[in-house]
Amino acid sequence: MATAGSLLSEDQFLCSICLDVFNDPVSIPCGHNFCKNCITKHWNISVQCQCPLCNKRFDIRPELHVNTFISEMAAQFRQSGLEETNSCSEQQQAKPEVLCDVCTETKLKALKSCLVCLTSYCETHLELHHRAPGLKRHKLIDPVTNLEGRMCKKHERPLELFCKTDQICVCRFCNESTHMRHLIVPLKDEYEGKKAKLGKTEAKIQQMIQERQLKIWELQHSVEFSKEEADRELADSVQVFANMIQSVEESLAKLIEMIEEKHKTTEKQAEGLIKELEEEISKLMKRSAELEYLSCTEDHLQFLQSCPSLNSAPPCKDWSEVRVHSSNEGTVRRAVAQLEETLSQEIKRLLEAELKTVQQYAVNVTFNQETAHPKLILSDHGKQVSHGDVKQNLPDNRERFSSCCGVLGKQSFTSGRFYYEVQVKEKTDWTLGVARESINRKGEIKVCPRNGYWTVWLRKGDVYHANTSPPVRLLPKLKPQKVGVFVDYEEGLVSFYDVDAAALIYSFTGCKFKEKLYPYFSPCSNDGGRNSAPLIISPVNNTYLTNV
């Protein structure tokens, strides 16, 4: 792996305040980096809290956290500086020593090499080249081992020139013969030119390495973030299902207890009635025995004297309408309804949490005037659009919608996640969603995924559809006043939310995105003033974000 020293220049590891290599580097919201101690002291002295480089002001002093990635890179840079110093020393030590070709016994170290004599000389034997007039004109260079490789094989002269036409090194005789009409320059000029070009190429390669190293870091950071997010979602899911299981168990326990209580009440009621019936049976049996005894007597006087008192039945209750009601009709239904209410509340809580999560990916979206249908009126700040009935005199460029009353956002997205919110209050018709860059913008358009549109719409004030093929009728509990649109490019997901109700309206899943996506808006026709309210791109409520 390349070191920090090979990826970046020294300036990129210097704090702009202390002009030294970063020590505990921190990143502030504008993106610039400083030593933690340096920026803290600067802000303690400065009247206003702002960036020393771009002068961006901060209303509240940002909380500083050490940027571990830059800190590690700076540490590697320090280490690489030491390694490069050591490496240079080692290279100098490892450079092969050139010996004098004239020395006969103990060969001394050569001081210069002569390109004319093709010989290397020590200080003593080089003296003649400094004194003899004929030898003074010889070309001397720092000592090298391969002198023959520096000579023209054809003319046996030094290779002092470079033929740019043939891209080879030549001697002066070559310049006057076979390379006469070619573009010839001194070796030094070509060396400096190519070295500069090589430096640019090397810088470009180092930049590409740096970009890829940073991309590796981004991907690793994304994996870590994804792991944290997965762990959090897993924990939330386990908790949610645990709550649901607990709710079901509690509801079942309450239902069992209620049925058992009803049964016990019925049982007690029946026992009371049975006891009362048994008492009446006892009385009736006693009367029956008396009547039977009387019917057997032959004493006329006793019979007539006892007959009036036994002639009538003892007072008894009318049991014909008495019933014991043991039915549990409606008990289970009410228990299930209560459970449904509990689960609905849990689902609502989940949707609120989901909405808070996607709102973290809020982006600043504005309308692109170049794409707007000529009848659409856009605000100066590019956040409101309405239908104006009158067609404006605008150039019919390739990007502009000619028939469909639509407009795209300026911002495009080719990866990641993004979210924005649109106020649809007081409108009877609207269409919202995203569209790919290559959509047809001329003539009649069917806004469906097959044509590059992922949208939902409202028509006639209360008819909602997800524009699939065929369309899906939507039945939101409440009429949305503000719609949130969330896109996960890699996941192929487009979701629409009722922001105020924290409810999911619809989700397109399994989408295949292969090109730029743009936010898509249509306020639809004015409809005689009934649909005159504008579509408004709204700022995302910060209270959602702070509670995530």
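Now for a description of the structure that goes with this document.

The rules behind each value
Residues numbered from 1 in each chain as written. Predicted model: local features only at pLDDT ≥ 70, side-chain atom pairs only at ≥ 80, totals over all residues. Heavy atoms only, no water. Helix = DSSP H or I, 4+ residues; strand = E, 2+ residues; numbered from the N terminus. Rg over C-alpha atoms; globule rule 2.2 N^0.38 Å. Buried < 20%, exposed > 50% of the residue type's maximum accessible area, 1.4 Å probe, protein only. Contact = heavy atoms within 4.5 Å. Areas by Shrake-Rupley, 256 points an atom, 1.4 Å probe, with all protein chains shown as cover. Lys, Arg positive; Asp, Glu negative; His and termini not counted. Charge placed at Lys NZ, Arg CZ, Asp CG, Glu CD. Phe/Tyr/Trp six-rings, centres within 6.5 Å; stacked < 30°, edge-to-face > 60°. Lys NZ or Arg CZ within 6 Å of the ring centre and 35° of its normal. Polar contact = N/O pair within 3.5 Å; in protein donor to acceptor, adjacent residues only side chain to side chain. Pairing = 2+ DSSP bridges. Axes fitted to C-alpha atoms, helices over the stretch in contact; angles between N-to-C directions. Parallel < 35°, antiparallel > 145°, perpendicular 65-115°, else oblique. Left-handed = near helix turned anticlockwise from the far one by under 90°. Nonpolar A, V, L, I, M, F, W, Y, C, P; charged D, E, K, R; others polar.

## Details of the overall build of the protein
Reasoning step 1: Counting its regular elements, the protein contains ten helices and 21 strands.
Reasoning step 2: Computed over the C-alpha atoms, the radius of gyration of the protein is 47 Å, more than 25% above the 24 Å expected from 2.2 N^0.38 for a compact globule of 548 residues.
Reasoning step 3: Principal axes of the C-alpha set define a box for the protein whose edges measure 190 × 75 × 55 Å.
Reasoning step 4: Buried residues in the protein amount to 33% of all 548 residues.
Reasoning step 5: Relative to all contacts within the protein whose residues are 6 or more apart in sequence, the contacts with residues 24 or more apart total 57%.
Reasoning step 6: By element, 53% of the accessible surface of the protein is carried by carbon and sulfur atoms, the whole surface being about 35300 Å².
Reasoning step 7: Distance from the positive charge centre (70 side chains) to the negative charge centre (74 side chains) of the protein: 11 Å.

## Some thoughts on the environment of Phe-508
Reasoning step 1: By the element assignment, Phe-508 lies in strand β19 (residues 503–508).
Reasoning step 2: Between the C-alpha atom of Phe-508 and that of Leu-493, which follows or precedes it by 15 residues, the distance is 5.7 Å.
Reasoning step 3: In contact with Phe-508, other than residues within four places in its own chain, are Pro-449, Trp-454, Thr-455, Asn-467, Thr-468, Gly-492, Leu-493, Val-494 and Phe-496.

## Describing the packing of aromatic side chains
Reasoning step 1: Under the defined criterion, the tally for this structure stands at twelve aromatic pairs.
Reasoning step 2: When the centroid spacing of 5.8 Å and the interplanar angle of 65° are considered together, the rings of Phe-401 and Tyr-520 count as edge-to-face. In this pair, Phe-401 is assigned in the loop between β10 (384–387) and β11 (407–408) and Tyr-520 in strand β20 (residues 517–522), connecting sequence segments 119 residues apart. Accessibility assignment for this pair places Phe-401 and Tyr-520 in one class, buried.
Reasoning step 3: Connected via pairs of aromatic rings, a cluster forms that spans Phe-367, Tyr-420 and Phe-521.
Reasoning step 4: The ring centre of Trp-319 lies 4.7 Å from the NZ or CZ of Lys-317, which sits over that ring.
Reasoning step 5: The cationic tip of Arg-459 hangs over the ring face of Trp-457; the distance from NZ or CZ to the ring centre is 3.9 Å.

## Some details on the side chain of Ser-522
Reasoning step 1: Inspection of the secondary structure assignment puts Ser-522 in strand β20.
Reasoning step 2: By relative accessible area, which is 5% here, Ser-522 ends up buried.
Reasoning step 3: Engagement of the side chain of Ser-522 in a polar contact is seen with the backbone oxygen of Cys-405, the distance being 2.7 Å.
Reasoning step 4: Excluding its chain neighbours within four sequence positions, the residues that come into contact with Ser-522 are Cys-405, Gly-406, Trp-430, Thr-431 and Leu-535.

## A few points about the sheet that holds strand β3 (residues 112–114)
Reasoning step 1: A sheet is described by the order of its strands in space; here three strands give the open sequence β4-β3-β5, paired in antiparallel fashion. This sheet does not close on itself; its edge strands, each paired only once, are β4 (119–121) and β5 (140–141).

## Considering the sheet that holds β11
Reasoning step 1: Reading across the sheet, the six strands line up as β11-β20-β13-β14-β15-β16 and stay open at both edges, with antiparallel pairing between neighbours. What marks the edges here is a single partner per strand, and that holds for β11 and β16 (472–474).

## Some remarks on the environment of Val-385
Reasoning step 1: Here Val-385 shows up in strand β10.
Reasoning step 2: On the basis of relative accessible area, Val-385 is assigned to the buried category, the value being 0%.
Reasoning step 3: Apart from the residues lying within four places of it in its own chain, the contact partners of Val-385 are Phe-367, Leu-376, Ile-377, Leu-378, Val-407, Pro-523, Pro-534 and Leu-535.

## Remarks on the packing of helix α7 (residues 187–296) against helix α9 (residues 331–358)
Reasoning step 1: Relative to each other, α7 and α9 sit at 165°, their axes nearing to 10 Å. Judged by the angle between their axes, α7 and α9 are roughly antiparallel. Relative to α9, the crossing made by α7 is right-handed. Along the contact surface, α7 presents Glu-229, Val-240, Asn-243, Met-244, Ser-247, Val-248, Ser-251, Leu-255, Met-258, Ile-259 and Lys-262, while α9 presents Thr-331, Val-332, Arg-334, Ala-335, Leu-339, Thr-342, Leu-343, Glu-346, Ile-347, Arg-349, Leu-350 and Thr-357.
Reasoning step 2: Within the contact of α7 with α9, the residues separate by chemical class into twelve nonpolar, six polar and five charged.

Geometric descriptors of this kind do not, in isolation, establish any biological role.
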